[in-house]
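Close look at the chain arrangement
One-letter residues, chain by chain:
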Number of protein chains: 4
Amino acid sequence: MIVITIPGVCREDIENKLQELKIGEVAAIVTEENGRTLLSIPQPAGEEAVLALEALPWVDTVVKTESSYHLVARSGRTATTRVDIGPVTVGGQGLVVIAGPCAVENYEQLKETALRVKQSGAAILRGGAFKPRTSPYSFQGLEEEGLRILQAVGTEVQMPVVSEVLDPRHVEMITQRVDLLQIGARSMYNTALLKEVGRQKKPVLLKRSAQATYDEWLQAAEYIAMEGNAQIILCERGIRTFEPYTRNTLDLAAVPAIKHLSHLPIVVDPSHGTGRWRMVSPMALAAVATGADGIMVEVHPHPESALSDGGQSLQLNRFDELMKQIKRLMPALGRNLEQVGERD
Amino acid sequence: MIVITIPGVCREDIENKLQELKIGEVAAIVTEENGRTLLSIPQPAGEEAVLALEALPWVDTVVKTESSYHLVARSGRTATTRVDIGPVTVGGQGLVVIAGPCAVENYEQLKETALRVKQSGAAILRGGAFKPRTSPYSFQGLEEEGLRILQAVGTEVQMPVVSEVLDPRHVEMITQRVDLLQIGARSMYNTALLKEVGRQKKPVLLKRSAQATYDEWLQAAEYIAMEGNAQIILCERGIRTFEPYTRNTLDLAAVPAIKHLSHLPIVVDPSHGTGRWRMVSPMALAAVATGADGIMVEVHPHPESALSDGGQSLQLNRFDELMKQIKRLMPALGRNLEQVGERD
Amino acid sequence: MIVITIPGVCREDIENKLQELKIGEVAAIVTEENGRTLLSIPQPAGEEAVLALEALPWVDTVVKTESSYHLVARSGRTATTRVDIGPVTVGGQGLVVIAGPCAVENYEQLKETALRVKQSGAAILRGGAFKPRTSPYSFQGLEEEGLRILQAVGTEVQMPVVSEVLDPRHVEMITQRVDLLQIGARSMYNTALLKEVGRQKKPVLLKRSAQATYDEWLQAAEYIAMEGNAQIILCERGIRTFEPYTRNTLDLAAVPAIKHLSHLPIVVDPSHGTGRWRMVSPMALAAVATGADGIMVEVHPHPESALSDGGQSLQLNRFDELMKQIKRLMPALGRNLEQVGERD
Amino acid sequence: MIVITIPGVCREDIENKLQELKIGEVAAIVTEENGRTLLSIPQPAGEEAVLALEALPWVDTVVKTESSYHLVARSGRTATTRVDIGPVTVGGQGLVVIAGPCAVENYEQLKETALRVKQSGAAILRGGAFKPRTSPYSFQGLEEEGLRILQAVGTEVQMPVVSEVLDPRHVEMITQRVDLLQIGARSMYNTALLKEVGRQKKPVLLKRSAQATYDEWLQAAEYIAMEGNAQIILCERGIRTFEPYTRNTLDLAAVPAIKHLSHLPIVVDPSHGTGRWRMVSPMALAAVATGADGIMVEVHPHPESALSDGGQSLQLNRFDELMKQIKRLMPALGRNLEQVGERD
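These lines cover the structure that appears in this document, whether it is placed above or below. (Residues numbered from 1 in each chain as written. Chains lettered and ligands numbered in written order. Predicted model: local features only at pLDDT ≥ 70, side-chain atom pairs only at ≥ 80, totals over all residues. Heavy atoms only, no water.)

Some points on the overall build of chain A
A tally of helices and strands in chain A yields 11 helices and 15 strands. Per-residue burial for chain A yields a buried fraction of 68% across its 344 residues. In chain A, of all internal contacts separated by at least 6 residues, the share reaching a separation of at least 24 is 69%. (Helix = DSSP H or I, 4+ residues; strand = E, 2+ residues; numbered from the N terminus. Buried < 20%, exposed > 50% of the residue type's maximum accessible area, 1.4 Å probe, protein only. Contact = heavy atoms within 4.5 Å.)

Here's the deal with the pattern of salt bridges
Here the structure, examined in full by the defined rule, presents 52 salt bridges over all chains. For Lys259 of chain A, the salt bridge goes to Asp293 of chain A, with nearest N and O atoms at 2.5 Å. In this pair, Lys259 of chain A is assigned in helix 8 (residues 254–261) and Asp293 of chain A in the loop between helix 10 (277–289) and strand 14 (294–298), connecting sequence segments 34 residues apart. With relative accessibility at 4%, the residue Asp293 of chain A sits in the buried group. Glu156 of chain B serves as the salt-bridge partner of Lys111 of chain B, at 2.8 Å between the closest nitrogen and oxygen. Here Glu156 of chain B lies in helix 4 (residues 144–157) and Lys111 of chain B lies in helix 3 (residues 107–120), a separation of 45 residues in the sequence. (Salt bridge = Lys/Arg side-chain N within 4 Å of Asp/Glu carboxyl O.)

Focus on the side chain of Asp167 of chain C
Within the secondary structure, Asp167 of chain C is located in the loop between strand 9 (161–164) and helix 5 (171–177). On the accessibility criterion, Asp167 of chain C (4% relative accessible area) is buried.

Re unusual backbone geometry
A positive phi angle, close to 60°, is found at Gln158 of chain A, a residue other than glycine. Tracing the backbone shows Gln158 of chain A in the loop between helix 4 (144–157) and strand 9 (161–164). Despite not being glycine, Glu143 of chain B shows a phi value in the positive range, around 55°. Here Glu143 of chain B lies in the loop between strand 8 (124–126) and helix 4.

Things to note about the packing of aromatic side chains
All told, the structure shown has four aromatic pairs over all chains when counted by the stated rule. Residues Tyr245 of chain B and Tyr214 of chain C carry aromatic rings whose centres are separated by 5.6 Å and whose planes lie at 65° to one another, so their mutual orientation is edge-to-face. Of this pair, Tyr245 of chain B sits in the loop between strand 12 (232–236) and helix 8 (254–261) while Tyr214 of chain C sits in helix 7 (residues 214–226), which puts the two residues in different chains. The same class applies to Tyr245 of chain B and to Tyr214 of chain C, which are both buried. Here the guanidinium or amino end of Arg276 of chain A rests over the ring plane of Tyr245 of chain A, the centre of that ring lying 3.8 Å away. (Phe/Tyr/Trp six-rings, centres within 6.5 Å; stacked < 30°, edge-to-face > 60°. Lys NZ or Arg CZ within 6 Å of the ring centre and 35° of its normal.)

Structural notes on helix 10 of chain A
Residues and elements named next belong to chain A. End to end, helix 10 covers 19 Å across 13 residues, agreeing with the expected 18 Å (1.5 Å per residue, within 8%). Taken across its 13 residues, helix 10 has 12 buried, putting it largely inside the fold. Positive phi appears at Gly291, one or two residues downstream of helix 10, with a value of about 105°. (Expected span 1.5 Å × (residues − 1).)

Observations concerning helix 7 (residues 214–226) of chain B
Residues and elements named next belong to chain B. The end-to-end C-alpha separation of helix 7 is 18 Å, in line with the 18 Å expected for 13 residues at 1.5 Å each. Within helix 7 the residues assigned to the buried category are Tyr214, Glu216, Trp217, Leu218, Gln219, Ala220, Ala221, Glu222, Tyr223, Ile224 and Ala225. Along its buried surface, helix 7 packs onto helix 6 (191–198), strand 11 (204–207), strand 12, helix 8 and strand 13 (266–268). Remark: Gly228 follows helix 7 within two positions and exhibits a positive phi of approximately 115°.

As for the pairing of strand 1 (residues 2–5) of chain B
Residues and elements named next belong to chain B. Every second residue of strand 1 is oriented toward a common face, with Ile2 and Ile4 on one face and Val3 and Thr5 on the other, all of them buried. Direction of pairing for strand 1 relative to strand 3 (residues 37–40): antiparallel, over a ladder of three bridges. Bridged to Ile4 within strand 3 is Leu38. (Pairing = 2+ DSSP bridges.)

Shown next, in the form of structure tokens:
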């Protein structure tokens with residue numbers, strides 16, 4: 001941590017004041033020409049020390065030089081962490097495609113979708129049972145019934161399944177029924193929920209909040225890792241900006257940024273990231289080209305009658321077409337498609 | 001709801017397709033000159049209907065003409081809802097000042113602060129016990145011990161108290177100990193929590209998420225109201241923008257906007273809204289001038305050693321100076337200061 | 001400037017490389033415990049040095065400790081710069097109200113507006129002649145004819161006048177006809193224009209771009225000051241955010257921030273800042289309470305038929321009501337209203 | 001245009017008022033169940049009519065149903081407009097790579113860069129001569145001398161050249177020296193400049209402002225097209241968001257969005273779009289995968305000593321490596337690389 005004072009503060013004063021605040025030792029003091037003093041203080045005691053220092057009248061700026069996360073930081077590790085979801089590995093050479101409807105509506109809808117997306121090359125089946133909806137008048141999901149359908153279909157078609165958990169009181173129950181626990185974008189700051197999934201022995205897919213910086217997102221991952229669960233996959237799904245045409249602005253730069261900052265794998269959700277089905281395929285291809293470990297795509301047999309997010313869901317045929325394009329890209333990118341069928 | 005088609009779609013087709021989708025009756029069809037058709041459809045079945053329509057290839061745009069909230073909408077009511085927190089009324093003629101430390105640290109700190117802020121004119125005492133922190137390495141609050149201190153001090157100094165609830169499993173316990181339940185900005189989309197506080201018989205202070213539109217904020221309030229709890233106070237505390245100098249951008253236009261859109265009272269938090277104590281007083285005065293029903297200010301006897309958010313806390317003397325300025329403004333604005341002492 | 005290296009770089013290497021780059025002398029080198037080296041380098045040669053250093057593989061972070069502007073920086077000056085526009089002073093004890101229509105439409109419209117706003121207490125008359133419009137199909141202003149009307153009406157009613165300049169080729173001509181040159185928000189980064197107005201002997205009102213940080217805004221002012229023109233008034237008029245309800249988000253925190261960072265006076269434009277006439281008066285009062293040196297308000301005798309920005313213009317009666325409220329606030333704030341009539 | 005009234009306004013009143021305002025004919029009036037009236041009004045007279053209507057007390061909402069641009073709108077055209085820059089075509093089957101230093105520094109630097117980027121596969125040479133800098137203390141470019149060097153090198157290596165124009169007074173001079181006129185992001189709202197380049201017979205590369213919506217960007221293109229110059233290439237280069245890690249947030253969704261909304265070709269600048277050289281290659285590949293007509297990349301032989309934007313420039317070797325990756329992608333995407341060498 002570096003502290004820059006306002007001009008004209010003398011050294012003795014500073015040392016006395018820091019002792020009163022019990023803020024570490026000063027490693028070094030350097031006076032800049034313009035009369036300001038720079039302090040280098042190692043091992044700060046957390047965010048509080050920074051804020052306390054900023055409140056001091058003789059302090060101009062505090063610069064954090066330490067990372068705000070440690071367990072999930074890249075810190076020189078060359079390999080991406082491999083997260084195993086049943087027979088599927090996220091973070092290895094293979095690109096993982098997660099597909100399925102936004103919400104589980106009934107057995108037939110999910111079964112039809114699952115068979116088709118698996119045939120096209122998807123490795124993991126998604127299906128929402130507890131839905132986080134902005135409006136209390138919107139469909140909130142089939143809840144436990146939806147989870148039972150998801151689990152049954154996953155078993156029948158032999159695909160691992162992922163579903164979202166919204167409430168810390170549901171974590172144990174949902175953990176029994178899915179292979180991958182999803183923390184949605186609106187729950188990224190829900191530390192009670194993060195800690196609860198951190199205590200489970202199930203991999204977690206952590207979506208970025210639409211307002212989160214990379215730094216905050218990785219700190220949310222740190223909350224999970226600190227409780228003992230290191231099987232974390234990050235998911236970029238768009239941030240909120242001024243552009244009204246798209247539902248969110250998909251920030252694909254998150255892929256190289258996260259690869260640089262963290263050892264966790266990262267997947268991209270172009271469906272929520274754009275909100276418009278016409279844009280899903282080009283943005284999915286872009287995500288693959290940028291080096292993402294996987295993509296997560298909403299697919300629905302009849303998007304126009306979907307009970308949730310129909311406007312951003314791909315029809316089964318369009319999803320199949322996208323998968324063909326992705327397969328063509330794989331060798332040019334030196335990668336392959338991770339598929340569940342390969343292991344049968 | 002108005003649906004605008006792409007050019008060249010014939011009426012029979014539209015009517016047939018809407019029947020298939022089971023989307024209401026078409027109230028009226030108007031052909032615009034440029035060949036596009038406009039449909040007016042009353043009483044949509046929720047967000048889904050909009051999204052399903054947008055997914056149709058012959059639909060260009062869907063315009064929602066209905067409000068997405070009802071219980072909290074202004075809808076012609078002339079009076080602001082009055083929310084009673086013990087002897088204090090928010091939403092009436094009196095301006096309500098909520099003050100206290102970001103986090104309860106110990107009995108002495110809180111008692112000293114409470115006595116002084118009450119003397120200066122504050123009506124409600126704030127103090128965080130469960131703290132939502134971005135970093136898992138930051139001080140997370142004294143939790144239940146903090147609540148006990150808050151309740152004790154509130155009783156001793158005769159001020160109603162407010163504290164934040166983060167976890168739906170804590171709602172009942174916290175409801176026993178405070179006079180006003182706070183939902184923090186990071187929990188605004190936490191529908192499990194919103195529903196839980198909606199079932200209590202305690203007033204709720206609902207902070208705006210840093211990424212929330214007015215519309216989404218009012219929908220979060222609707223979640224609470226739908227469960228039966230209509231005693232809701234909204235709190236503007238800044239939104240996330242590109243400006244790095246301030247912690248958030250305090251959106252004071254929220255005050256006249258909410259007054260126009262909703263009958264709920266609104267208070268402003270200039271401490272989180274700026275993140276810098278030097279800016280708290282001018283922004284607090286601005287909030288009062290814009291017509292807010294109250295303000296919520298962080299005050300700490302020794303901000304430089306505060307365990308949380310010291311950089312944005314006012315010293316006791318500075319808070320007293322702010323209150324004097326506010327009192328001078330009251331008659332010019334045709335208002336008075338709501339004070340607990342008045343009723344003793 | 002502080003440079004923080006990645007871990008494990010040795011001192012000799014650093015000194016050799018900095019010599020090659022011809023980047024100043026290293027004032028001090030401090031090794032932090034985690035193996036990284038901190039360099040303090042005084043007097044950087046500008047933005048380039050920062051960028052060049054950031055490009056080096058052994059550099060982790062570069063922290064600018066020097067201000068990016070000098071002439072307009074507060075730097076310990078206690079008084080705000082006073083800018084005289086004819087008999088009116090901006091930056092003194094008196095609050096200056098600038099009012100008038102968005103665009104000059106004809107002599108009658110402007111004369112009626114000018115007489116009425118002066119009577120209500122406005123000190124400077126505004127009126128656009130060259131209009132920066134997003135759409136090429138929108139009314140672009142009366143141009144030179146508009147300026148002639150503005151100058152004539154200003155003389156007749158004895159009010160200084162302000163109008164916007166969009167094109168460096170027009171600067172001299174417009175300087176002849178107005179008392180205050182306005183640089184609009186969309187021109188804030190137009191350095192050719194900034195330099196041209198910097199060479200004039202007329203005060204300049206510099207609006208903040210809707211995307212500009214405080215730092216960039218003050219650097220734009222520095223462009224003007226560097227050419228010799230130090231008579232600069234800053235104008236906050238809202239920034240672009242995700243909120244769709246308002247045209248812009250009026251950032252009133254800019255007032256205390258600018259007061260802290262710069263000695264230049266600052267005024268606030270609540271008309272463009274909100275885009276809705278219902279919000280203009282509350283936000284104008286808030287701007288006054290926050291300590292702004294003035295406000296700039298769009299007023300139109302018949303907003304519903306205005307050729308430009310009618311939706312955000314106040315009717316003459318509503319403006320008069322606002323001015324009465326402002327006058328009531330003045331003594332409570334220890335200020336007075338700057339008026340042209342006082343000097344007649 | 002659709003106008004939605006507040007509840008309880010009667011039809012006769014509406015018709016009378018619209019006649020007074022001289023706002024077209026009402027095509028149709030439809031009463032919705034909730035007592036509000038919907039008016040469909042064809043052929044509005046521009047932005048003013050919308051604003052004037054919004055100012056009326058009996059109007060709740062005005063919905064624009066017409067496009068705000070016409071010449072550059074897709075409007076059913078299936079082909080992308082092909083823009084020829086000397087022997088290079090943007091908008092056809094071939095991917096066009098524009099490369100070169102941010103600023104022309106001297107003949108040797110540019111010649112070395114030009115020879116190498118051409119060899120790697122770039123088709124157009126970029127080099128800034130007039131630089132738009134935030135700080136008046138930053139290097140402002142070699143100006144005319146820079147243009148002479150650029151023109152000379154372009155001729156010698158047989159590559160068309162592109163450079164930015166900042167000032168309407170320079171347009172004719174720069175038009176003589178370059179093959180493609182660049183309008184930078186900070187000039188996108190500079191309508192005086194847009195009109196001036198619209199009068200030239202040279203293709204224009206129009207960068208998106210960091211604050212511009214797609215709609216505003218296309219209206220800026222419309223300004224150019226209205227003056228007679230339809231040879232326009234759009235360039236996405238990142239928007240301003242809250243994320244501090246990257247200089248801008250590169251909005252790759254602009255590619256499919258613009259392809260849907262307009263017939264103009266679009267290229268992507270991942271250098272300004274990220275501000276970090278480590279992220280340029282992954283984002284360049286993503287841009288190609290999303291269907292962009294080209295990319296624009298900053299390349300410098302010695303980025304660490306570059307006078308401008310060194311931190312985001314690729315070294316020659318890294319650029320060559322990127323071009324090899326792009327060439328591998330081309331067949332998988334059904335495309336080829338547009339090269340100047342092919343036509344020699």
